[in-house]
Amino acid sequence: MNIFILFFATILTTLPHPSLSATCPLNFTILTVLTGAATTPPSSFTSTPCQFVHQALRLVQSDYLGRTDFFLPPLNSAAPCWDSFQSFINQFAPNFNIRSSCGFQTNWISQGCINVTTKQQFESIVPQSAILKMKTSCNQSLEDNSPCALCTSSLSGLPSLGQSIGNLSDCTGYPSIYAAVFSNQFGPSDPGTAKCLFALDFTSGSSSGNKKKVIIIVVVSVVSALVLLLIVIGVWAYWKFNDKEIEDGKDYGANIGEAGSASGLETMDHSTTLTRFTVDDIKKATKNFHRDNIIGKGGYGNVYKGLLSDGSEVAFKRFKNCSAAGDASFTHEVQVIASVRHVNLVALRGYCSATTRLEGYQRIIVCDLMKNGSLHDHLFGSNGAKLTWPVRQKIALGTARGLAYLHYGAQPAIIHRDIKANNILLDDKFEAKVADFGLAKFNPEGMTHMSTRVAGTMGYVAPEYALYGQLTERSDVFSFGVVLLELLSGRKALQTDDDGHPSALTDWAWSLVRTGKALDVIEDGMPEQGSNQVLEKYVLIAVLCSHPQLYARPTMDQVVKMMETDDELVPSIPGRPIPLVAARLDIERSISSSGGSGQLSSPTGYQSFTLEMGSERYSSSHLREERSSASRILSSDLDE
């Protein structure tokens with residue numbers, strides 16, 4: 001008997017072990033072809049190395065899907081695939097270890113969407129009409145912005161594919177992986193497809209930097225010449241018209257303001273139905289800006305209520321410390337509000353741009369009066385009356401619809417950048433109106449994200465935007481999630497504990513949800529409280545929207561759909577660290593105190609989170625390192 005056991009044991013030990021004999025079926029050579037075997041890092045890698053790794057893997061998976069009909073390689077090939085990937089990275093970054101630098105685990109390369117592992121499973125979940133739309137929209141060169149925007153928009157409305165495992169190939173990336181190989185005739189190896197669907201720029205980072213330097217020098221030279229010319233023209237205009245116009249004391253601000261601002265306002269006069277009010281009109285309506293008519297205050301100035309000659313009640317947003325140099329920001333806000341029309345956005349009646357001897361520069365925006373004030377007034381004001389659940393639900397859905405219109409209905413799309421309870425106004429029927437577009441940015445068509453200095457309000461700013469300056473529509477989604485949590489809980493976005501440490505509402509809500517206590521988020525004593533199922537659904541939507549990981553958040557279109565449907569289920573919420581927000585709050589607070597006036601600022605560029613998203617706790621040493629690193633970058637930027 002022992003002889004037979006020894007015989008079979010000998011045979012088994014001579015058989016090749018699967019994990020030892022497995023080779024990587026992914027073709028990383030496709031990346032080498034795209035980079036041209038360059039020894040300098042691609043531009044995407046230089047600015048966002050971990051994001052580059054993440055997206056480059058999706059591109060290679062797309063090629064693998066086209067060859068095998070499988071989205072992911074087998075688990076026993078995970079280690080060889082990482083080695084092959086590392087060999088490609090070593091060509092231009094030999095000291096960059098993919099897994100340790102980005103926090104990726106070995107098995108993640110073979111883990112993804114639980115419900116979808118093959119092409120056939122994907123096509124069984126996604127309606128054929130949606131797949132046909134993808135092929136129609138994406139089957140062209142995606143090098144330019146317009147075709148790219150058309151293609152990516154066709155992917156945004158696909159149904160949820162289910163739950164993901166691992167933190168590398170989540171369900172949200174599958175539509176791009178599928179479209180690159182089955183909807184686009186050029187395939188994932190095409191530079192335009194790689195740039196559009198995977199946000200990968202394979203041009204050399206150094207050559208790109210040299211081009212930028214040349215462009216900056218040319219732009220600075222041209223701007224300097226134009227500024228000098230404007231100064232000469234301005235001095236001449238001042239001496240020529242000063243005596244005559246100031247004596248008359250009439251509305252002539254647009255004629256002596258900045259050339260760009262004046263032309264912008266004059267264009268508005270001819271291209272919209274906006275009314276251009278005079279200072280006398282507004283002084284009469286507000287009883288000469290009487291303090292009793294002040295209904296709001298902010299860093300920009302005061303908001304007054306007033307009565308027009310036709311009997312309609314309006315609000316006047318009066319900018320303080322105005323000058324000709326400040327006309328650009330005023331014109332921008334007027335243009336943004338005038339370009340959109342939606343029931344859940346504040347409507348613009350008109351504006352005033354005038355300069356007189358007595359009042360000086362006057363820049364005023366005229367909007368419909370919201371008789372019920374702001375959401376902040378009702379949640380945290382002193383009136384004591386709590387909003388009923390039906391009213392809160394109406395406000396939540398209205399705000400979501402307004403944001404969805406800004407992101408997907410407006411042309412070009414608009415990112416608000418300052419969604420908070422103060423900027424959600426309520427009319428006499430408690431219909432929500434998104435207001436205050438002073439920080440809004442037009443999103444260029446086809447752009448996946450913008451790198452820009454951070455602006456917004458502490459507690460509402462998305463982590464990737466506050467820390468790394470990456471601005472997308474989903475930055476607004478995060479802010480909306482915070483507002484929705486405020487609406488549900490009656491708590492403020494930021495609070496301080498007994499020791500004076502900041503506490504984020506998002507962390508508190510997540511700690512309850514992860515322990516199965518989602519209903520504990522709901523404010524005690526809420527009148528006409530809805531069913532537990534509906535309330536829990538809204539809590540999960542709020543926590544999902546305010547998730548610290550960018551790609552875990554839904555789009556505002558998806559949020560509206562979840563809120564409007566009777567289905568009580570929402571997508572599963574990926575794990576998240578606690579507390580991620582601590583580092584962000586430290587950075588926001590330090591910049592706010594140094595920059596003044598509550599404006600936040602950060603360097604441009606984006607670095608992927610290197611977090612163990614599945615873990616329940618964020619280690620203190622990692623938190624200190626993240627906070628210290630980000631603070632050093634920000635301090636350096638502010639010094640410059």
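Heads up: these notes are all about the structure in this document.

Rules used throughout
- Residues numbered from 1 in each chain as written.
- Predicted model: local features only at pLDDT ≥ 70, side-chain atom pairs only at ≥ 80, totals over all residues.
- Heavy atoms only, no water.
- Helix = DSSP H or I, 4+ residues; strand = E, 2+ residues; numbered from the N terminus.
- Buried < 20%, exposed > 50% of the residue type's maximum accessible area, 1.4 Å probe, protein only.
- Contact = heavy atoms within 4.5 Å.
- Areas by Shrake-Rupley, 256 points an atom, 1.4 Å probe, with all protein chains shown as cover.
- Axes fitted to C-alpha atoms, helices over the stretch in contact; angles between N-to-C directions.
- Parallel < 35°, antiparallel > 145°, perpendicular 65-115°, else oblique.
- Left-handed = near helix turned anticlockwise from the far one by under 90°.
- Pairing = 2+ DSSP bridges.
- 1 Å grid on protein atoms, 1.4 Å probe; cavity = no way out; pocket = protein on both sides within 12 Å on 5 of 7 lines; lining within 4 Å.
- Points joined across faces, edges and corners; volume = space filled by probe spheres on them.
- Core = buried A, V, L, I, M, F, W, Y, C linked by side-chain atoms within 4.5 Å.
- Disulfide = S-S within 2.5 Å.
- Phe/Tyr/Trp six-rings, centres within 6.5 Å; stacked < 30°, edge-to-face > 60°.
- Lys NZ or Arg CZ within 6 Å of the ring centre and 35° of its normal.
- Salt bridge = Lys/Arg side-chain N within 4 Å of Asp/Glu carboxyl O.

## Structural notes on the overall build of the protein chain
The number of helices and strands found in the protein chain is 26 helices and 14 strands. Out of the 640 residues in the protein chain, the part that is buried amounts to 48%. For the protein chain, the share of sequence-separated contacts (at least 6 apart) that also reach a separation of at least 24 residues comes to 71%. Surface exposure of the protein chain reaches about 30,100 Å², of which carbon and sulfur atoms provide 54%.

## Some points on the packing of helix α5 (residues 49-68) against helix α11 (residues 174-182)
Remark: α5 packs on α11, axes separated minimally by 8 Å, with the N-to-C direction vectors making an angle of 55°. For the element pair α5 / α11, the angle class is oblique. Crossing angle aside, the handedness with which α5 passes α11 is right-handed. Of the residues in α11, those in contact with R58, Q61, S62, L65 and G66 of α5 are I177, Y178, A180, V181 and F182.

## Focus on the sheet that holds strand β3 (residues 301-307)
Taken together, the 6 strands give an open sheet; going across it, the order is β1-β5-β6-β4-β3-β2, and neighbouring strands pair in mixed fashion. The sheet is open, and its two borders are formed by β1 (275-276) and β2 (294-298), each paired with just one other strand. Here β1 pairs with strand β5 (residues 348-356) via 2 bridges, running parallel. Each bridged residue has a counterpart across the sheet, and for T275 the counterpart in β5 is G350.

## A closer look at empty space enclosed by the protein
Inspection of every chain in the model, using the stated rule, returns 3 cavities of 30 Å³ or more. Of the pockets and cavities examined, the second largest cavity occupies roughly 70 Å³. In terms of lining, the second largest cavity is formed by 13 residues, of which the most central are R417, V461, Y465, S475 and S479. It is helix α21 (residues 473-489) that contributes the most residues to the lining of the second largest cavity, 3 residues altogether.

## Observations regarding the nonpolar core
Generally speaking, soluble globular proteins have nonpolar side chains that are buried together. Residues L375, F480, L484, V559 and M563 are the most contacted members of the largest nonpolar core, which totals 76 residues. Leave out the neighbours within four places in its chain, and L375 touches L387, I395, A421, I424, L426, V483 and L487. In terms of nonpolar packing, the next biggest core, distinct from the first, is built from 59 residues, V60, L72, I98 and L161 among them.

## Focus on the pairing of β3
In the sheet, β2 pairs with β3 via 4 bridges, with the strands oriented antiparallel. Bridging from a neighbouring strand, K297 pairs with N302 of β3. Alignment of β3 against strand β4 (residues 313-319), held across 7 bridges, turns out to be antiparallel. The residue bridging G301 from the neighbouring strand is F319, located in β4. Counted between consecutive antiparallel strands, the loop separating β3 from β4 contains 5 residues, among which G311 sits at a positive phi close to 90°.

## What about the state of the cysteines?
In the structure shown here, the tally under the stated rule is 5 disulfides. Residue C113 pairs covalently with C171 via a disulfide, S to S 2.1 Å. Its S-S torsion of about 95° marks the bond between C113 and C171 as right-handed, since a negative value means left-handed. Taken together, the residues C113 in the loop between α7 (98-102) and α8 (119-125) and C171 in the loop between α10 (145-156) and α11 connect sequence positions 58 residues apart. Relative accessible area serves as the criterion here: at 2%, C113 is assigned to the buried category. Shown here is the disulfide that connects C138 with C151, its sulfur atoms set 2.0 Å apart.

## Describing the packing of helix α22 (residues 505-513) against helix α23 (residues 532-545)
Across the interface, α22 lies against α23 with an axial gap of 10 Å and an inter-helix angle of 125°. On the basis of the axis angle, α22 is oblique to α23. Crossing hand, α22 versus α23: left-handed. Where α22 abuts α23, its residues A509, W510 and V513 lie against V539, L540 and V543.

## As for the packing of aromatic side chains
Applying the stated criterion across every chain yields a total of 14 aromatic pairs. Here the aromatic rings of F28 and F85 are separated by 4.8 Å at their centres, their planes lie at 25°, and the arrangement is stacked. Linking F28 in the loop between α2 (18-21) and α3 (29-35) with F85 in helix α6 (residues 78-90), this pair joins segments that are 57 residues apart in sequence. By relative accessible area, which is 6% here, F28 ends up buried. Among the aromatic residues, those joined into a cluster by ring pairs are F28, W82, F85, F104 and W108. Across from the ring centre of F380, 5.7 Å away, lies the NZ or CZ of K492, which sits over that ring.

## A closer look at the pattern of salt bridges
In total, this model carries 10 salt bridges according to the counting rule given. Here D83 and R99 are joined by a salt bridge, their closest N and O atoms 3.7 Å apart. Of this pair, D83 sits in helix α6 while R99 sits in helix α7, and the two are 16 residues apart along the sequence. Three or more residues are tied together by salt bridges with common partners; here these are K386, R392 and E523.

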